[in-house]
Amino acid sequence: MLKLETTPLKDCFILKPSVFEDHRGTFQESFSQRRFEEVTGLHINFVQDNQSTSTKGVLRGLHFQKGPFAQAKLVRIVLGKVLDVVVDLRPGSPTFKRSFKTILSSENHHQLFVPAGFAHGFLTLSETSVFAYKCDRYYHQEADAGVFWKDPDLNIDWEFPEEKLILSEKDAQLPHLKDLGL
Ligand SMILES: Cc1cn([C@H]2C[C@H](O)[C@@H](COP(=O)(O)OP(=O)(O)O[C@H]3O[C@H](C)C(=O)[C@H](O)[C@H]3O)O2)c(=O)[nH]c1=O
C-alpha cells in the first residue's frame, strides 16, 4: 500500500508506504515502480540513487540542477530525522517561489517527491542521518546550482540555531534568488 498526501506546492507530494512491524523490527517496500505510477500517475524513470550521511546540524542545500539537467527526486530517510525543505523555482508555476518544509524520519517513513525545477535541501536533526534519494536525471556538475539557505526572499524558518549549523563551503556562498534573476 502506498498513500499520497498533497503539499501546498503544485506537483510536490508526500508518499507514505506501508510498514510491516513484528518482533524483529520492520519491513517496507521503499520503492515500487508499479505502485509509484499507480498512486502518482507519473511515469518517471529514476536513473540514479544517491545516499548521504550527515551529523546533527548539517544543512545541505538548497540545491538544483539547471536547465535540461533539472532533476525530479524522490527523497527519504533511512536512519534518523531531518527537516526537508523545497522551493518551487518554476516561473510558470502558481506556487512559484513558495517553500514547503516537512519532517522525514525513520519513524514516520515519509518520502517526498520533489519535481524538477525545485530547489531542495535538508537539515539533520538527529545525531546522524542517512538520506537516500532517487533522481530522474544524472548528475551534471556543470549544471549544479543553488540558493542560499537564508535567502530573505524565501524567509525559511529552519527551526535550528544558526550558530550550530554546519555547511559546505559551497553552500555557505550560494547566491540569493534575486542574484539568479528569480
Ligand atoms: C549530488 C552529487 C554529488 N556528487 C559529488 C560532488 C562532490 O564531490 C560530492 C559532494 O557533493 P555535494 O556537496 O553537492 O553533495 P550534497 O551537498 O549532498 O548535494 C546534494 O544535496 C541536496 C540535498 C540535493 O538535493 C542534491 O541532490 C545534491 O546537491 O559528491 C556526485 O558525484 N554525484 C551527485 O549526484
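Source: prediction; values computed, not measured. (Residues numbered from 1 in each chain as written. Predicted model: local features only at pLDDT ≥ 70, side-chain atom pairs only at ≥ 80, totals over all residues. Heavy atoms only, no water.)

**Q** Can you help me understand the sheet that holds strand E13 (residues 144-146) in this one?
**A** Neighbouring strands of a sheet are bound in pairs by backbone hydrogen bonds; such pairs are parallel or else antiparallel. Taken in spatial order, the 5 strands line up as E9-E8-E11-E6-E13 in an open sheet, and their pairing is antiparallel. A strand with exactly one partner marks an edge of an open sheet, and here the two such strands are strand E9 (99-105) and E13. Across this sheet, the average inter-strand angle for adjacent strands is 30°, counted without regard to direction. As paired strands, strand E6 (residues 59-65) and strand E11 (residues 118-124) are joined by 3 bridges and run antiparallel to one another. Paired with Leu59 across the two strands is Leu123, which belongs to E11. (Pairing = 2+ DSSP bridges. Helix = DSSP H or I, 4+ residues; strand = E, 2+ residues; numbered from the N terminus. Axes fitted to C-alpha atoms, helices over the stretch in contact; angles between N-to-C directions.)

**Q** Would you explain the pattern of salt bridges in this entry?
**A** Where charged atoms from two side chains of opposite charge come close, those side chains can pair. What the rule picks out here adds up to 12 salt bridges. Here Arg24 ties to Asp22 by a salt bridge, and the two come within 2.5 Å at their closest N and O atoms. Assessed through its relative accessible area of 71%, Arg24 is described here as exposed. The structure contains a network of salt bridges with shared partners spanning Lys10, Asp11, Asp88 and Arg90. (Salt bridge = Lys/Arg side-chain N within 4 Å of Asp/Glu carboxyl O. Buried < 20%, exposed > 50% of the residue type's maximum accessible area, 1.4 Å probe, protein only.)

**Q** Can you walk me through the site of the ligand in this structure?
**A** What surrounds the ligand is the set Gln48, Asn50, Arg60, His63, Lys73, His120, Phe122, Tyr133, Tyr139 and Lys170. Between the ligand and the protein, one listed contact pairs an oxygen atom with a side-chain N or O atom of Gln48 at 2.9 Å. In this structure, Lys73 approaches the ligand through a side-chain N or O atom, which is 3.0 Å from an oxygen atom. Alone, the ligand offers 650 Å² of accessible surface; in the complex the protein occludes 66% of this. (Near = heavy atom within 4 Å. Polar contact = N/O pair within 3.5 Å; in protein donor to acceptor, adjacent residues only side chain to side chain. Areas by Shrake-Rupley, 256 points an atom, 1.4 Å probe, with all protein chains shown as cover.)

**Q** So what exactly am I meant to see when it comes to the sheet that holds strand E10 (residues 111-114) here?
**A** Here 6 strands make up an open sheet; going across it, the order is E1-E2-E10-E7-E12-E5 and the pairing antiparallel. Each having just a single partner strand, strand E1 (2-6) and strand E5 (48-55) make up the two edges of the open sheet. Shown here is a sheet whose adjacent strand axes are inclined to one another by a mean of 25°, direction ignored. Sitting on the sheet, helix H1 (residues 33-40) touches E1, strand E2 (13-17), strand E7 (73-79) and E10, and the angle it makes with E1 is about 40°. (Contact = heavy atoms within 4.5 Å.)

Keep in mind that these numbers describe shape and distance, not what the molecule does.
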